[in-house]
Number of protein chains: 2
Amino acid sequence: MESAIPEHLAKERTRHRRIPDDYAPPYPSFSARYRPGVTRVAMAYFGLQVRPGDEAAAEPALAAMAAAFGKGEGPGHWDRARTVDAAGFVTILSIAYWDDPDAFRRWYAAHGAFWTGTGPGDDRLGTFVEILMPGVERYETLFSSADRAEGVAVVSDGMSGMVQEHAYWGGMRDRIPLSQTDAMEPQGAPRIVEADGVLKVVPHGNICLIRSGQDWSDTDGDERRMYLEEVEPVLRAGMDFLRDEGLSCGCFANRYMDVVGASGGATDKTFGMSWWTSLAALERWAESHPTHVAIFGAAMKYLMTVGPDARLRLYHEVTVAAADEQIFEYRNCHPATGMLRAGGG
Amino acid sequence: MESAIPEHLAKERTRHRRIPDDYAPPYPSFSARYRPGVTRVAMAYFGLQVRPGDEAAAEPALAAMAAAFGKGEGPGHWDRARTVDAAGFVTILSIAYWDDPDAFRRWYAAHGAFWTGTGPGDDRLGTFVEILMPGVERYETLFSSADRAEGVAVVSDGMSGMVQEHAYWGGMRDRIPLSQTDAMEPQGAPRIVEADGVLKVVPHGNICLIRSGQDWSDTDGDERRMYLEEVEPVLRAGMDFLRDEGLSCGCFANRYMDVVGASGGATDKTFGMSWWTSLAALERWAESHPTHVAIFGAAMKYLMTVGPDARLRLYHEVTVAAADEQIFEYRNCHPATGMLRAGGG
């Protein structure tokens, strides 16, 4: 067993973990490990928004984005996912990860900035970017299995052994290296400004992003049925609540996404991604809101029933970003898109 | 809104609360307040154990205990409750509270020590005492309503206004004044010794006691039905788990008690009382064990349905006691009684 905080990021603490040193989690989980030379990563969400009837119009833009990822210092990993937002617009995210923010910046200037700069050249399409470039002390990852990375973990150097800080409320915070010395409280509030037809968010400090996914590819029989019939509907209800009423508990925006396969088809993977005022706001929702208590209860019942042979895979990545580690830009999007809701939209 | 930690017990912190300073709990709760002159209390559980067929034989002993409470510097408050333990024995607790441990010690020497000393003089009866004399920095209380005290709060000087540290995991710890500077980790392990026919527990430091009660006297109609049909059975299942399998998660003993009225009859009040290796062990069970997750889910559903007009009353008191603040003695009891289970019984 090892700490989720890698040795090279361990600091003399001014803040304590929530667990005693002899705490033993009841089941294994794992965290992505980066070589010490990686000090910062980039997580770039390239969003496309289109009315359902016009979805075919998105294809050229999505192809352009895929082509851009292949150019220059493109991402170490990217994936794509789809949802329909509260306003009824199809939203497709192309999500790309770099383990070198300088490489990202060069790539972005040359091949990525068009997305909300000139735009894809079709008025039926809205585009946006939601980008974080956090220091490695500002995010954590957690996986139920060590043998299939997702998200930012794909650009890591591998998985840890079993980590100690999980399976208790507060583990998320305790896994973020910065929690050793910092409460990560929100600083200021975001506001929206317009420039050249693009709405930009002037960020606040310590915004929180979670991407939390599930992969039932390997399940079958009763396990698959239990996930799809007993867990997924409860998860969806919680995701819908955050999408529709999240502002009431500090969630600016939530998207419950279906992962799109390499050939564009459906997969057995989903994830929720959401933007929060603060890590504390996410903690409070997760720990006490009826919608998440229900998710937690359904997941716990599932795992108790299926036992250690469960083939459902769960993972998440949680980031608390400084104000200067964020880029939010929206072109031709409706006013309740993503972080634009921080403006009251 | 005020801190659950009264001003005169506030200290310069070396350990942080789990909430930011601007945290606002979603519903009100209250804590008992003691005048600053009260620095230590006594919580004395006088237990009686008898086979169900012999229950009538308990009456003289219970009457003697009631009479003793009325003598000298007797308790500021006492109550009585009944359960049947895992071995099938009726267990009746007479629970008494003092706000002055010196007064308690004098009373105990004169009027209380007979209980496990000479005993009640009937071989059909087992007797035991489980006594804590904690400093006021070592316990906390929480009430859903400010107008009906229970337990140690009855010997307090009244209720606080609405307190901040509740309705989140970790609130229990954050309400205990000692948490400002101490992790309250367990020190050593209890062991059992025999002397003069009495089994005594040589205590370990930072044992944790919770008394957690519910009072549905004021409910009627749908609310009463919901409590009795949807909440109580889930609560009972959790209590049974702790009684039968609690050692697996650090719970030495649990008793789910029916409060007995002043005239000996049934009431609409119950409480669970349990002894734990540590506050952390209690936290882990409460936060993640399926039996308590189910209780939490049922209670939350109940409160969401009934809303702010709920007439169910909930309270608890949680103590973390130093080794020299504890007395455990068992006379003529079966080997799995209370803290005797700490000896592997």
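Above this note sits the structure.
Please read all numbers here as calculations on a predicted model, not as lab measurements. (Residues numbered from 1 in each chain as written. Chains lettered and ligands numbered in written order. Predicted model: local features only at pLDDT ≥ 70, side-chain atom pairs only at ≥ 80, totals over all residues. Heavy atoms only, no water.)

A. The relation of the copies chain B and chain A, seen in detail. When chain B is fitted to chain A, the residual RMSD is 0.0 Å, and the transformation amounts to a turn of 180° plus an axial shift of 0.0 Å. Considering both components of the superposition, the chain copies are consistent with a two-fold axis. Of the interface residues in chain B, 100% have counterparts in chain A that sit at the interface too, so the contact is made through matching surfaces. (Least-squares fit on C-alpha atoms with pLDDT ≥ 70 in both. Contact = heavy atoms within 4.5 Å.)

B. Main features of helix α2 (residues 101-112) of chain B. Residues and elements named next belong to chain B. For α2, built from 12 residues, the straight-helix expectation of 16 Å at 1.5 Å per residue is missed by more than 12%, its first-to-last C-alpha distance being only 13 Å. Among the residues of α2, those classed as buried are P101, A103, F104, W107, Y108 and G112. The arc enclosing the buried residues of α2, seen along the axis, measures out at 140°, which places them on a common side. Structural note: α2 exposes A109 and A110 on the side pointing more than 90 degrees away from its buried face. Buried residues belonging to α2 abut β1 (42-50), α1 (58-69), β3 (90-98), β4 (126-132) and β12 (326-331). Backbone nitrogen of D102 and a side-chain oxygen of the N-cap are separated by 2.9 Å at the start of α2; the cap is D100. (Helix = DSSP H or I, 4+ residues; strand = E, 2+ residues; numbered from the N terminus. Expected span 1.5 Å × (residues − 1). Buried < 20%, exposed > 50% of the residue type's maximum accessible area, 1.4 Å probe, protein only. Arc of directions from axis to C-beta. Polar contact = N/O pair within 3.5 Å; in protein donor to acceptor, adjacent residues only side chain to side chain.)

C. Region of interest: the interface of chain B and chain A. Facing 25 residues of chain B, the contacting portion of chain A comprises 25 residues. Summing the contributions of chain B and of chain A, the shared interface buries around 2,000 Å²; its carbon and sulfur component is 59%. The interface formed by chain B and chain A includes 4 salt bridges. Between E283 of chain A and R18 of chain B there is a salt bridge; the shortest N-O distance is 3.5 Å. For the side of chain B that touches chain A, the elements supplying multiple residues, two or more each, are α5 (279-288) and α6 (290-306) of chain B. Among the elements that take part in the side of chain B that touches chain A, α6 of chain B stands out by supplying 6 residues, more than any other. Residue composition of the side of chain B that touches chain A, grouped by class: 12 nonpolar, 5 polar and 8 charged. (Buried area = accessible area lost by both parts, 1.4 Å probe. Salt bridge = Lys/Arg side-chain N within 4 Å of Asp/Glu carboxyl O. Nonpolar A, V, L, I, M, F, W, Y, C, P; charged D, E, K, R; others polar.)

D. Structural detail: the sheet that holds β12 of chain B. Residues and elements named next belong to chain B. Taken in spatial order, the 12 strands make up an open sheet running β5-β11-β8-β10-β9-β2-β3-β1-β4-β12-β7-β6, and their pairing is antiparallel. Edge positions in the sheet fall to β5 (139-143) and β6 (191-195), since each has one partner strand and no second. Taken pair by pair, the neighbouring strands of this sheet meet at an average axis angle of 20°, ignoring direction. As defined by bridge partners, β5 adjoins strand β11 (residues 313-321) across 5 bridges and the pair is classed as antiparallel. Bridging from a neighbouring strand, L142 pairs with H316 of β11. (Pairing = 2+ DSSP bridges. Axes fitted to C-alpha atoms, helices over the stretch in contact; angles between N-to-C directions.)

E. Structural detail: unusual backbone geometry. Residues and elements named next belong to chain B. Even without a glycine there, the phi angle at A167 is positive, about 70°. Following the sequence through the fold, A167 ends up in the loop between β5 and α3 (171-175). Residues other than glycine seldom take positive phi values, yet N206 does so here, at roughly 70°. With respect to the element layout, N206 can be found in the loop between β7 (198-202) and β8 (207-215). The class of N206 is buried, set by a relative accessible area of 3%.

F. Inspection of the pattern of salt bridges at higher detail. Inspection of every chain in the model, using the stated rule, returns 64 salt bridges over all chains. Three or more residues are tied together by salt bridges with common partners; here these are R18 of chain A together with R173, E283, R284 and E287 of chain B.

G. Region of the structure containing the nonpolar core. Membership of the largest hydrophobic core comes to 56 residues, with the highest contact counts inside it found for W276 and W285 of chain A together with W276 and W285 of chain B. If sequence neighbours within four positions are ignored, W285 of chain B has contacts with G238, M239, F241, L242, C249, W276, T291, H292 and I295 of chain B. (Core = buried A, V, L, I, M, F, W, Y, C linked by side-chain atoms within 4.5 Å.)

H. Representation of the side chain of E165 of chain A within the structure. Checked against the element boundaries, E165 of chain A lands in the loop between β7 (158-159) and α3 (171-175). Setting aside residues up to four positions removed in sequence, E165 of chain A forms contacts with E2, S3, A4, R17, I19, G171, D174 and R175 of chain A.

I. Spatial organisation of the sheet that holds strand β9 (residues 198-202) of chain A. Residues and elements named next belong to chain A. Taken together, the 12 strands give an open sheet; going across it, the order is β6-β13-β10-β12-β11-β3-β4-β2-β5-β14-β9-β8, and neighbouring strands pair in antiparallel fashion. Bordering the open sheet on either side are β6 (139-143) and β8 (191-195), each of which pairs with just one other strand. Along the sheet, successive strands turn relative to each other by an average axial angle of 20°, direction set aside. As judged from the 5 bridges shared by β8 and β9, these two strands associate in the antiparallel manner. In the strand pairing of β9, V193 is matched with K200.

J. Representation of the packing of helix α5 (residues 279-288) of chain A against helix α6 (residues 290-306) of chain A within the structure. Residue and element names in this part refer to chain A. Two elements in contact, α5 and α6, have axes separated by 5 Å at closest approach and are oriented at 60°. As summarised for this structure, α5 and α6 are arranged oblique, according to the angle between their axes. For the pair formed by α5 and α6, the contact residues are W285, A286, E287 and S288 on the first element and P290, T291, H292, V293 and I295 on the second. Partitioned by chemical class, the residues of the contact of α5 with α6 number 5 nonpolar, 3 polar and 1 charged. (Parallel < 35°, antiparallel > 145°, perpendicular 65-115°, else oblique.)

K. Structural view of the environment of L62 of chain A. Residue and element names in this part refer to chain A. Positionally, L62 belongs in helix α1 (residues 58-69). L62 sits 211 residues away from M273 along the chain, and the two C-alpha atoms are 20 Å apart. When near neighbours in sequence (up to four residues on either side) are disregarded, L62 contacts L48, R80, I92 and S94.

L. Summary view of the packing of aromatic side chains. Tallied over the full model, the rule gives 38 aromatic pairs over all chains. Relative to Y108 of chain B, the ring of F46 of chain B lies with its centre 6.3 Å away and its plane at 45°, an arrangement referred to as tilted. Here F46 of chain B, found in strand β1, pairs with Y108 of chain B, found in helix α2; they are 62 residues apart in sequence, far enough to count as distant. Both residues of the pair, F46 of chain B and Y108 of chain B, count as buried. Consider the rings of W98 of chain B and F104 of chain B, whose centres lie 4.8 Å apart with planes at 65°: the pair is edge-to-face. F104 of chain B matches W98 of chain B in its accessibility class, with the two residues each being buried. Sitting above the plane of the F271 of chain A ring, R211 of chain A keeps its charged end 3.9 Å from the centroid. (Phe/Tyr/Trp six-rings, centres within 6.5 Å; stacked < 30°, edge-to-face > 60°. Lys NZ or Arg CZ within 6 Å of the ring centre and 35° of its normal.)

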